[in-house]
Amino acid sequence: MYDKLMEGLLEKGHNLTIFTSFFKDYKNHENVTQHVFTNTADIVNNGTNMMIYKLKRLTMAEILLQNELTTHVNAEEDQFEHPEIQKIIKNKENYKFDLLIIECFICSMVHFAELYDVPIVFLMATDVTPLIHNILGNDINPFVYSDIIYGFTYGKLSFTEMMFSATSYLIFSTFGKLIVGRSADKVASKYMKDVKISGW
């Protein structure tokens with residue numbers, strides 16, 4: 001999905017500055033600058049593996065606070081420390097951006113829209129947690145669709161799994177958004193001046 005979108009924008013003559021964990025060789029295009037986050041994929045994979053491993057040993061709140069949130073913060077801080085990200089933050093006068101397209105996972109990156117006063121387009125190429133669906137504005141039925149980390153079969157949840165899924169969704173949609181939003185603001189404020197509340 002991302003490749004087709006980027007290729008389409010490049011073919012229409014747009015200038016793209018891409019930050020990604022997965023390098024893509026956009027052949028025959030000179031209007032693209034690409035920077036690779038070399039550590040993000042490992043940080044996320046290690047955090048996800050640990051979360052699944054501890055799933056039966058932790059409560060829902062503990063999973064969110066100890067594992068998922070920690071993974072997000074570690075990934076966000078690693079990306080903010082990328083030298084090219086630092087240039088974009090510190091040398092705003094040298095750059096001109098019209099739009100921020102962001103994968104809705106690293107939440108603190110929304111503050112680049114604030115920094116450059118541009119609109120945001122949120123995308124997601126893989127299935128996600130109820131929390132991210134909530135942020136994206138996607139309504140889901142927790143009795144049919146459960147969080148991907150639980151491994152339940154879509155549309156074939158047992159009664160116990162439905163109750164577990166619904167409870168999880170309630171916790172994420174009620175408290176998770178606030179916790180993740182505040183965490184994103186806190187991370188961004190370490191690297192950007194005068195960061196406002198993101199509105200998550």
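See above for the structure.
We now turn to the structure provided with this report. (Residues numbered from 1 in each chain as written. Predicted model: local features only at pLDDT ≥ 70, side-chain atom pairs only at ≥ 80, totals over all residues. Heavy atoms only, no water.)

### Brief notes about the environment of Val32
So, point 1. Position of Val32 relative to the elements: it lies in strand β2 (residues 32-36).
So, point 2. On a C-alpha basis, the gap between Val32 and Ile18 in space is 7.4 Å, while along the polypeptide they are 14 residues apart. (Helix = DSSP H or I, 4+ residues; strand = E, 2+ residues; numbered from the N terminus.)

### Some words on a nonpolar patch on the surface
So, point 1. Among the surface-exposed residues, Phe143, Val144, Phe159 and Met163 lie close enough to one another that they form a single nonpolar patch of about 370 Å² accessible area.
So, point 2. Here Met163 lies in helix α7 (residues 159-191). (Patch = residues over 30% accessible without salt bridge, like charges linked within 9 Å, V, L, I, M, F, W, Y side chains within 5 Å. Areas by Shrake-Rupley, 256 points an atom, 1.4 Å probe, with all protein chains shown as cover. Salt bridge = Lys/Arg side-chain N within 4 Å of Asp/Glu carboxyl O.)

### So, unusual backbone geometry
So, point 1. Even without being glycine, Asn28 reaches a positive phi, approximately 70 degrees.
So, point 2. Following the sequence through the fold, Asn28 ends up in the loop between β1 (16-20) and β2.
So, point 3. You can call Asn28 exposed: its relative accessible area is 80%.
So, point 4. A positive phi angle is found at Asp117, which is not glycine, with a value near 55 degrees. (Buried < 20%, exposed > 50% of the residue type's maximum accessible area, 1.4 Å probe, protein only.)

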